[in-house]
Amino acid sequence: MILLPQRLQELRKSKKLTQQNMADYLEVQLRTYQYYEGGGRRPDLETLVILADYFDVTLDYLVGRSDIR
């Protein structure tokens, strides 16, 4: 099963974005976003929804519960 950190990294790289780009978009510190991708911290529900909308994927896809975007 693919986990959230892997999906975040995969989606970010597919759009050729940096971690700083994502941190700026989410209005969080760079280190916070790095924790999301590294698995050290989990985004709250509101942030997950923002990420899913940004990448045009479902929450289930984002968190690894489905392979259907």
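Structure: above.
As the structure is a prediction and not an experimental result, all values here were calculated from the model.

Peer 1: Got a minute to help me understand the side chain of Arg7 in this structure?
Peer 2: Here Arg7 shows up in helix H1 (residues 4-14). At a separation of 3.0 Å, a polar atom in the side chain of Arg7 contacts the main-chain carbonyl oxygen of Ser66.

Peer 1: What is the right way to read unusual backbone geometry from this model?
Peer 2: Where the residue is not glycine, phi is negative for most of them; where a peptide bond is considered, it is trans in most cases. For Lys16, which is not a glycine, the phi torsion comes out positive at approximately 55°. Here Lys16 shows up in the loop between H1 and helix H2 (19-26).

Peer 1: Explain the environment of Gln34 here, please?
Peer 2: With respect to the element layout, Gln34 can be found in helix H3 (residues 30-38). Expressed as a C-alpha distance, the spacing of Gln34 and Arg7, which sit 27 residues apart in the sequence, is 13 Å. A distance of 3.1 Å separates the side chain of Gln34 from the side chain of Arg31, its partner in a polar contact.

Peer 1: What is the right way to read a nonpolar patch on the surface from this model?
Peer 2: On the surface, a cluster of nonpolar side chains totalling about 250 Å² of accessible area is made up of Leu45, Val49 and Leu59. Here Leu45 lies in helix H4 (residues 45-55).

How each quantity is defined
Residues numbered from 1 in each chain as written. Predicted model: local features only at pLDDT ≥ 70, side-chain atom pairs only at ≥ 80, totals over all residues. Heavy atoms only, no water. Helix = DSSP H or I, 4+ residues; strand = E, 2+ residues; numbered from the N terminus. Polar contact = N/O pair within 3.5 Å; in protein donor to acceptor, adjacent residues only side chain to side chain. Patch = residues over 30% accessible without salt bridge, like charges linked within 9 Å, V, L, I, M, F, W, Y side chains within 5 Å. Areas by Shrake-Rupley, 256 points an atom, 1.4 Å probe, with all protein chains shown as cover. Salt bridge = Lys/Arg side-chain N within 4 Å of Asp/Glu carboxyl O.

By themselves these figures say nothing about function.
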